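# Secondary and tertiary structure notes
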Amino acid sequence: MAESTQLVRHIESFVDSSHSPSQQAASLEAIASLLKNNQLTLETLVREMEGYLTTTDDFIRARGTLLLGEVLVQLASKPLDAAAIHSLIGFFSDRLADWRALRGALVGCLALIRRKSSGGMVSETDAKAVAESYIRNLQVQSLGQYERKLCFELLECLLERYPNAVASLGDNFIYGICEAVVEEKDPHCLMLTFHIIEVLPRLFPDPCGPLASFAHELFEILECYFPIHFTHPKGEDANMKRDDIARALMLAFSSTPLFEPYAIPLFLEKLSSSLPYAKVDSLRYLSYCTVKYGADRMAKHGKAIWSSLKDAVFTSLDSVLSFTPESLEGVGLPENEIAAEALSLLQKLIVQNTNLFLDLIVGDEDINMIFNMISSYKTYHEIPSQSKQKLHAVGRILCTSAKASILSCDRIFECFFNRLMDILGLSVRNSSGHPSSDESILITQRCNQGALYLSIELLSACRDLIASSKTVLEAPAHTEETWKHLLQSFSPLLTMAFCSSSICTSEDNHEADMYCGVKGLLILGTFPGGYLLISKTVFEKILETFVSVVSMDYSNTLLWKLALKALVHIGSFVERYHESEKESSYMGIVVERIVSWASVGDFSIPLPLRLEALIDIGTSGQRYMLKVVQGLEEAIYSNLSEIYVQGSTKSEEIVTQLLKCYSNKVIPWICCAKGFEEFLLQFAINIWSQIENNMVFNATQTNKRGVLDLMMKAMKLAVASCSEEKQNIIVQKSYSILSSSTSFPLKELFQQERSQIVQEVDNSSSRDEWILSLFAAVIMAVHPKTHIPNIRPILYLFMTSLLKGNVAAAQAVGSMVNKLGLKSTDGQTSSDCTLEDAMDIILNSSIWIFHNNSSSDIQAKMTGVHDIGLINLCDGLGSCSSLQIHVITGLAWIGKGLLMRGHDKVKDITMIFLRCLESSQRADISYQKKDISKNNNELDSHRSVMRSAADAFQILMCNSEMCLNREFHAVIRPLYKQRFFSTMMPILQSLVVKSEPLSRPFLFRASAHVIIDTPLFVVLSDIKKIIPMLLDGLSALSNDILDKDVLYGLLLVLSGILTDKNGQEAVSDSVHTIVSCLLGLTQYPHMMVIELFKDNNYIYLSFSWCS
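Residues numbered from 1 in each chain as written. Predicted model: local features only at pLDDT ≥ 70, side-chain atom pairs only at ≥ 80, totals over all residues. Heavy atoms only, no water.

### Points about the side chain of Thr65
Position of Thr65 among the secondary structure elements: in helix 4 (residues 58-74). Beyond its immediate sequence surroundings of up to four residues, Thr65 is in contact with Leu53, Phe91, Phe92, Arg95, Ala101, Gly104 and Ala105. (Helix = DSSP H or I, 4+ residues; strand = E, 2+ residues; numbered from the N terminus. Contact = heavy atoms within 4.5 Å.)

Have a look at this one:
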């Protein structure tokens, strides 16, 4: 057992006010640990604490009581015998009378009352004693916030865990609760008091029992808090939300029907408040209490509730309908919380008291007045704004009422639908022999738009009711349902009326007319139940109407979009509800017809709109999209064939848009849909097969480059979205075509002299260029583990092609070195190639030699880098600048592939760019006096090459969308940009210091690319060294319009630095230099606006290009 002195020391530490809170908490933990580990018994602890618990010193007694209570909290799961629990609860119960030690007494009571049966519980008798002591001794509202919270927690715990014990106290207990909770203001305490009142009726369920005597008093306590006003929580209330408190109050109000005589009038009174949140709360509370209070009690307030609800809906709804395609499947009105809550309550009331509230609605004067009003106005736009608001309100009320149940739907249709048909003039037509299938009967006159709007609301309610309940359509055939009979009778004529409204060609046809017509047809077309309610003839008429609009009325933008959106909704409905009967009609009339538009060359509707319709229809269902994909692919193949054979400009324009659509819409859909990878494989294979079979090739590079670029994009996306297995198939297919179709043999390429190679590149056919570029696209997109055959010859071919400026070939080589393995794979063939092998081929190739008389001085300087032909690239700048630029671009993409995977060879390539940027070997050119014209041309060539070398750093650092990214499965080592930045910036800074006038701006351009594409937080980490370089770069790059974009990028970085707190602190010493530099840029000749402003002692930068 623990030594007595150690225990006393812990007790003293907790009781003594001179000890810090942390020391007191440690002492508590130590005592609890001794008890948990059975090194100390509870009896021993109480015996040692006896003096602290019974002393006349108020402070020590309070601390001692609190210590014992807190120890019991720590022992919640430790089993205690019944005698110990009885003794302890008796002690704490008595201590409730000791207001000095009250906190400890409350903590102790709570700890014991909360105990579970597995560890020993307080008995019912002891719990009742606690409740009696609570009622007798506590004046809760005179206590502090924390003690009040403990009081309410104890009361709540007694109610929930010992309901029978406290219920036996009867009136005294309820009175004590009323006295405890009255006028409480603290949010945390209010949550508890509301819950206490909510639980109380469970203890006293008898409507004539003790609770009935206190119902009014309890209601008055709750009433003063409604509606909850809690908008600025502070301190410990920060986690409290108004909605949480409001819900707790609502649960209290709804806890017993005894509150009904007082609560319903209160809610109705607050419903007339000018505060929106008071209206919303009133409606929510009414809605919740309606169910809890019951139909009989709510019936007494029926008229008053209906009147208030009607006013709420009439005054809160907007008078302006939305006529956008997006609102077709919605209400068409802006969201309004008050109206939504009122209509939700109305639906509950109708379900609860169907006859009562339907009688009120049917007999309402305001609603009947709206029906009389709409007869006076033929078109929607003629209706005054205030009357429109009421019209919308009536529409929402009728819709909500009809949706409540089959009985309410029947009654609403019986009372209002026939009246609407009379206003529309359809009843007379329907009574003259049911001309539903007679296409000769057309409604040529404009229908009443107000009546059409209300008809749509009723049809929408009926449709939604059927969709939400499977039992509606399963009713026996002999069952008489008014709504079903009316719908079947009038749907053909309503279809004609909606058609007339939507496709009316009169000059005064307004948005509302078209919208109502399309929405009405849409609702009729989306009735569940096959052809049970809406006949096949009507359904197909609706589809034909929409397809006709989409194919002919494209000049009417709104109508066209509405019709297309309606077709999409119908397609989605058919698939979602498995309407197999309607699916065949939709597929034949809509999908197949619209898919055929992709392959039709001469067509009135513009191709972009055709493609928009094609994709939108496809998105309405998986089967439809597969049809769309097939149609698009066939159109692509057909037009590509025309380009290959005829060089057709018209086909070029068509296939450009088709390929964009396929890449931007179809491939993403296939990737999201899952399970359709085979389509992408087949697409890629078909593209290759088609070009393989077209030996006559009239698609020249000059005027068909756009098509080739789009084909490459589609090929990359398709290949990248395939598995490795499928990619291997595509690679094998493309390689077989490449190896058999190119005009130069792969394996013999580099046995030739450089001049022969360049000549063969120049003489290669247009077909070869297309094949090579498409093959490059495949290589860019494959997984690292996808097998590429004969890598060495492929490398030779790509390197040869990049000399002609084929960027795709350069990107393909970069992708290859990024993804090649470091080691040979098991079972390798002679064609396998590791990364080291590839780099040897690239860096030691004779193709890079541009000048035979290489300077031995330069070679000596480059020996530290590598002893290869690439050193001549730096020295032969006058021999062939265009080839040198192409080589630099190619090396940049190769370097990017190495940099992203973190390979050391990127240093060698980077050093080549730096040597190209140095001007020490050629600066004298600008000062020669003879042959000035020749010198100027050479100087321009030097500058072009140096600019290319500087821009190579942009390629190294940029986030490319073309290749070498995650989408195309690049190998990316984390933080590669940070490492490159840390390595290169000191080198570039050193070169700038030693640079000569010719190379200086290009060195700044190179460093700018590195800074711009490095994450800002990395730049900020070295900001003291970067700021001088950045500012000098801004000044140096402001002299040439070709540097405008780079200058803009640097300004963005500077702006980011100045708006970052750490950046602001770091550049505080350079403020004057920064301001001076920016002031100099205000004179920038290429039109830029720069603004400097100061806020809270910080300088901010704002800039933009002027138009």
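### Focus: the packing of aromatic side chains
Following the criterion strictly, the structure yields 28 aromatic pairs and no others. Seen from their ring centres, Phe226 and Phe253 are 6.1 Å apart, and the 85° between their planes marks the pair as edge-to-face. Separated by 27 residues along the polypeptide, Phe226 in the loop between helix 12 (210-223) and helix 13 (242-253) and Phe253 in helix 13 bring together distant segments of the chain. For Phe226, a relative accessible area of 5% translates into the label buried. Looking at Phe253, the relative accessible area reads 0%, which means it is buried. Pairwise contacts between aromatic rings join Phe219, Phe226, Phe253, Phe259, Tyr262, Phe267 and Tyr285 into one cluster. Positioned above the aromatic ring of Phe14 is the side chain of Arg63, whose terminal nitrogen or guanidinium carbon lies 4.3 Å from the ring centre. Stacked on the ring of Phe371, the Lys or Arg Arg419 has its end atom at 4.5 Å from the ring centre. (Phe/Tyr/Trp six-rings, centres within 6.5 Å; stacked < 30°, edge-to-face > 60°. Buried < 20%, exposed > 50% of the residue type's maximum accessible area, 1.4 Å probe, protein only. Lys NZ or Arg CZ within 6 Å of the ring centre and 35° of its normal.)

### Some words on the packing of helix 20 (residues 365-374) against helix 22 (residues 406-424)
Two quantities define a packed helix pair, namely the angle between the helix axes and the distance between the axes. The N-to-C vectors of helix 20 and helix 22 enclose an angle of 15°; their axes lie 10 Å apart at closest approach. One finds that helix 20 runs roughly parallel with respect to helix 22. Seen along the crossing, helix 20 lies across helix 22 with a hand that is right-handed. Judged by residue contacts, Ile367, Asn368, Phe371, Asn372 and Ile374 of helix 20 engage Phe416, Arg419, Leu420 and Ile423 from helix 22. The class makeup of the residues in the contact of helix 20 with helix 22 is six nonpolar, two polar and one charged. (Axes fitted to C-alpha atoms, helices over the stretch in contact; angles between N-to-C directions. Parallel < 35°, antiparallel > 145°, perpendicular 65-115°, else oblique. Left-handed = near helix turned anticlockwise from the far one by under 90°. Nonpolar A, V, L, I, M, F, W, Y, C, P; charged D, E, K, R; others polar.)

### Points about the packing of helix 22 against helix 25 (residues 482-502)
Between helix 22 and helix 25, whose axes approach to 9 Å, the crossing angle comes to 30°. Our classification of the angle between helix 22 and helix 25 gives roughly parallel. With respect to the hand of their crossing, helix 22 and helix 25 are arranged in left-handed fashion. Together, Ile406, Cys409, Asp410, Phe413, Glu414, Phe417, Asn418, Met421 and Leu424 of helix 22 and Thr482, Trp483, Leu486, Phe490 and Leu494 of helix 25 make up the contact between the two elements. Its residues assigned to classes, the contact of helix 22 with helix 25 comprises ten nonpolar, two polar and two charged.

### Overview of unusual backbone geometry
Here the bond from Phe226 into Pro227 is cis, since omega is -10°, no more than 30 degrees from zero. Relative to the assigned elements, Pro227 resides in the loop between helix 12 and helix 13. Unlike most non-glycine residues, Asn38 shows phi in positive territory, near 60°. Here Asn38 shows up in the loop between helix 2 (21-36) and helix 3 (42-54). In this structure Asn38 comes out as exposed when scored by relative accessible area, which is 55%.

### Looking at the environment of Ser801
Locating Ser801 in the fold gives a position in helix 38 (residues 791-802). Separated by 32 residues in the primary sequence, Ser801 and Glu769 place their C-alpha atoms 8.7 Å from one another. The contact partners of Ser801, leaving out residues within four places of it in the chain, are Glu769, Leu772, Asn806 and Ala809.

### Observations regarding the nonpolar core
Grouped together as the largest cluster of nonpolar side chains are 377 residues, with contacts concentrated most on Leu45, Phe253 and Phe798. The residues contacting Phe253, other than those within four sequence positions of it, are Phe219, Leu222, Glu223, Phe226, Phe259, Ala263, Leu266, Phe267, Tyr285, Cys289 and Tyr293. (Core = buried A, V, L, I, M, F, W, Y, C linked by side-chain atoms within 4.5 Å.)

### A few points about helix 25
Its 21 residues place the ends of helix 25 28 Å apart at the C-alpha level, agreeing with the 30 Å of an ideal helix rising 1.5 Å per residue. Among the 21 residues in helix 25, 18 count as buried, and that is most of the element. (Expected span 1.5 Å × (residues − 1).)

### Points about the confidence of the model for the protein chain
Across the protein chain, the average pLDDT comes to 84, with 85% of residues at 70 or higher. Note that pLDDT drops below 50 for residues 826-831; the model gives that stretch four contacts with residues more than four away or on any other chain. Under a pLDDT of 50 for its full length, residues 920-930 has, in the predicted model, 17 contacts with residues more than four places off or in other chains. (pLDDT = per-residue confidence, 0-100.)

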